[in-house]
Protein chains: 2
Amino acid sequence: MIKIFKGNVIFTKTMQSFEEHKNSYIVTKNGVVEGIFEKCPEEYADAEIIDFGDSLIIPGFNDLHVHAPQWLNMGIGYSEELLPWLEKYTFPLESSFEDEDFARKYYRLFVDDMVKCGTTRACIFATRHLRATEILMELLEESGIGAFVGKVNMDRNSSDALQEDTQTSIDETLALVKQDKEKREKAALNGELPLVNYIITPRFVPSTTAELMTALGKIAAEYDVPIQSHLDENLDEVAWVKELHPECRSFTAVYDDFGLILPGKTIMAHCIHNTDEELKTLKEKDVFIAHCPQSNFNLSSGVMPLRKYLDMGMHVGIGSDVSGGHTLNMKEHIVEAIHASKCYHSVHRESAPLSTSEAFYLATKGSGSFFGKVGSFEEGYDFDALIIDDTNLLHEKQLDTLQERLEKFIFTGTVDNITNRYVKAKKVTCK
Amino acid sequence: MIKIFKGNVIFTKTMQSFEEHKNSYIVTKNGVVEGIFEKCPEEYADAEIIDFGDSLIIPGFNDLHVHAPQWLNMGIGYSEELLPWLEKYTFPLESSFEDEDFARKYYRLFVDDMVKCGTTRACIFATRHLRATEILMELLEESGIGAFVGKVNMDRNSSDALQEDTQTSIDETLALVKQDKEKREKAALNGELPLVNYIITPRFVPSTTAELMTALGKIAAEYDVPIQSHLDENLDEVAWVKELHPECRSFTAVYDDFGLILPGKTIMAHCIHNTDEELKTLKEKDVFIAHCPQSNFNLSSGVMPLRKYLDMGMHVGIGSDVSGGHTLNMKEHIVEAIHASKCYHSVHRESAPLSTSEAFYLATKGSGSFFGKVGSFEEGYDFDALIIDDTNLLHEKQLDTLQERLEKFIFTGTVDNITNRYVKAKKVTCK
């Protein structure tokens, strides 16, 4: 099925610059971009054209790291650093997701908020509760946006209410992985790919025993399921991991030794305090780094050396890390990534600050690449898009280029400027 | 005239902690706070009570440094640092304010936006144009918020369109200062103090000749008018000042030598790269430092060593510095101040991050002190207040204290949570 979208198209094929196509036509076929044209090609003369006039058409935002249950805690508890913050704020809240009604109520608000903010794909940590995780996946499927979702695994050093029995954690994960496999096989019969998929989600090394990590690594390998976790976020955390695993060369090595780094299919959030040896592993294993600058500010975690990672050619995307971050709005996280890089630059003058195109790329194609051909309008990419009506932001004729209009939206716009959202060319409804 | 405001009162008398008064009555007389009571005192039984139910009552925000004409440029040009940014973006825009109609149109939008954001007092740079500056002062008077406003002085190193003749700059400033004096004398006959006043505003050292600075210093001293300018914002700027004034010991010394630091009546914005000798002068002369963290991030200016200044007992307030900053919303600048301090902490571990109460204090009483008894609800303070309806931010019973509710508003609320604004107990209307 052909659908054509008309408007002012802007996106980042590469990090270095924006691609701008004023008043152009994006032709899509079965949800995938065929091409961008100044005039509508004759062969598509009969196809439906959705004309957005002077609005901007930009790729949807992709959130590479977020904790759905923590949505309720946004803005709370930032006087603490990571470990006491988990104990004092996060664990008590997450334990409430034992209750299915509670889970349904707040996961619905989380999903609605995510859609409203213009996130079209996300990699999501649920809680350790199987049923609540299923509910979250159902709600995401209903919403129309894409996601990887994982039940959190945590069988040590957790609160009484959250700590799992090792075997139960393994069994429940396996059940969810098998369920996901069946869903994918069923969809494949119709030539489809589900938008919501499972991802194995050990909370972080201090929360998972060697036995559990080993088992999860085996499940991931056997069923070819991606993995997400946290790495080198906070100095106290790094020291703790060293104490827990003196047999491993580093924090990264713990994951690697237990089979939890699947090449090209693993996300590690934060990556602030990595050694060069760790970076070598992350690069070799093609790990996606979820940069979470707002969370890193809020929890005093430090500033990630982003420029170094970009120079190394690492995969980097941006995560809201709610509720380490205090908003799901990826626009804000683009600004925070620029700010963090400028902070870093003020101390390390040789490390260039992030440009707007680089930051935009990270939150669209950078994060999106984890989902496949997502986050760009190049041929063959899924048409995940936001329509931006920025009329209220424009005054006089001072904004000449689409880039300036996009920058104005990113720095000064609100979610109300987003008038339409699409995933694979299908409209996503905002409640 | 007695007016009583009822609600959940929270403010910062000191930086160290919030004062919370649940369901309490703030009694005001002629716009000034008489006291806060759990029950309405009998002597006020006949007075008007404005009951805000479960809403929060907080002090209005005070913006210690902002450029009104640059409102149009918010979000634009942050790939540049200060000096090229001025040339490329700021000077061309400011030259448009020669046109009175343009000035009226955009100063109106600026003032409306400031009111909407909950700013109740501000120290404002206009442009070098006398008539546009008067228009801005008129619009501020109509709005009901308080402000110091200055026509910018700039007679060297400016764009052709903006550069002034030295004598014209002096004459126009003197005219505005005299006008302001007359206004104050006239108001004093009715026992009143005008809310909008003049402040002498040399742009910064590179823009003002020795002759102009000397003349402005004399006017300030003779008419007892406050002064605002920029100091030690950017390393290239600091080097330039050193080149321009080899006869002075430092950037601060230039202002001081030319009589532009009036004890207790001077604001210097930024103060990032000061030497200890400069800080000694700023402390001795009781200078107010306008901390502009968002602008400093955007323009890669560096991170101000705020904790050091607080430890020294300096006067510090927060400025939006639009359009170095990209929003007038002081709530966002409170968050940025916390983030900047956490960044600084990640490099200088001995420098403690800013707590929420400290950051809130800076944007209320810290900035407010420049205006008199402003920014707190202690006895004798002007009742400048915002009413916050945070119903949409509250879920379950997870927020026990007014502090947590205020933090939630600051990090996750929007201007739509502000339902009412007061200056000196008089309602300010939001358009």
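Residues numbered from 1 in each chain as written. Chains lettered and ligands numbered in written order. Predicted model: local features only at pLDDT ≥ 70, side-chain atom pairs only at ≥ 80, totals over all residues. Heavy atoms only, no water.

Trainee: Where do I start with the relation of the copies chain A and chain B in this structure?
Mentor: Turning one copy of the chain about an axis and sliding it along that axis gives the other copy, so a rotation and a shift relate them. For the match of chain A to chain B, the screw axis carries a shift of 0.0 Å, the RMSD comes to 0.0 Å, and the turn is 180°. The symmetry that links the two subunits is that of a two-fold axis. Closest approach to the rotation axis within chain A is made by the C-alpha atom of Cys343 of chain A, at a distance of 3.5 Å. A shared binding surface is used by both copies, with 100% of the interface residues of chain A retained as interface residues in chain B. (Least-squares fit on C-alpha atoms with pLDDT ≥ 70 in both. Contact = heavy atoms within 4.5 Å.)

Trainee: I'm lost on the domain arrangement of chain A in this one. Help?
Mentor: Interface size is often expressed as the accessible area that is lost when the parts come together. All names here are of chain A. Domain boundaries assigned for chain A yield domain 1 (2-60 + 376-428) and domain 2 (61-371). Centre-to-centre separation of domain 1 and domain 2, based on C-alpha positions: 29 Å. The junction of domain 1 with domain 2 conceals about 2400 Å² of combined surface from both sides, 67% of it contributed by carbon and sulfur atoms. Across the contact surface, domain 1 and domain 2 share 3 salt bridges. Linking Asp384 and Arg121 is a salt bridge whose minimum nitrogen-to-oxygen distance equals 2.6 Å. Linking domain 1 with domain 2 are 13 residue pairs in polar contact (both at pLDDT 80 or more), by the criterion used here. When residues of the side of domain 1 that touches domain 2 are traced back to their parent elements, those giving at least two are β1 (2-14), β2 (17-29), β4 (48-59), α13 (402-412) and β16 (418-423). Sorting elements by how many residues they give to the side of domain 1 that touches domain 2 places α13 first, with 5 residues. (Domains from an automatic or database assignment. Buried area = accessible area lost by both parts, 1.4 Å probe. Salt bridge = Lys/Arg side-chain N within 4 Å of Asp/Glu carboxyl O. Polar contact = N/O pair within 3.5 Å; in protein donor to acceptor, adjacent residues only side chain to side chain. Helix = DSSP H or I, 4+ residues; strand = E, 2+ residues; numbered from the N terminus.)

Trainee: Looking at this structure, I do not really get the packing of helix α4 (residues 166-189) of chain A against helix α5 (residues 210-223) of chain A. What am I missing?
Mentor: Two measures define how a pair of helices packs: the angle their axes make with one another and the distance between the axes. Residue and element names in this part refer to chain A. Close contact between α4 and α5 brings their axes to 10 Å; oriented N to C, the two are set at 15°. Considering their axes alone, α4 and α5 lie roughly parallel with respect to each other. Crossing of α4 against α5: the hand is right-handed. Touching Thr166, Ser169, Ile170, Thr173, Leu174, Val177, Lys178, Lys181 and Arg184 of α4 are Glu211, Leu212, Ala215, Leu216, Ile219 and Tyr223, all from α5. (Axes fitted to C-alpha atoms, helices over the stretch in contact; angles between N-to-C directions. Parallel < 35°, antiparallel > 145°, perpendicular 65-115°, else oblique. Left-handed = near helix turned anticlockwise from the far one by under 90°.)

Trainee: Would you mind going over the interface of chain A and chain B with me for this structure?
Mentor: With 41 residues of chain A at the interface, the matching set in chain B holds 41 residues. Between chain A and chain B lies a buried interface of about 3200 Å² when both sides are counted; carbon and sulfur atoms form 57% of it. Summed over the three residues of chain A that lose the most area to chain B, namely His339, Lys342 and Phe411 of chain A, the buried surface amounts to 17% of that side. Applying the counting rule to chain A against chain B returns 2 salt bridges. When the shortest N-O distance is used, the salt bridge between Glu81 of chain A and Arg349 of chain B registers 3.9 Å. Connecting chain A to chain B are 10 residue pairs in polar contact (both at pLDDT 80 or more). At the level of secondary structure, the elements contributing two or more residues to the side of chain A that touches chain B comprise α2 (100-116), α9 (293-298), α11 (330-347) and α13 of chain A. A class-by-class count of the residues in the side of chain A that touches chain B yields 18 nonpolar, 14 polar and 9 charged. (Nonpolar A, V, L, I, M, F, W, Y, C, P; charged D, E, K, R; others polar.)

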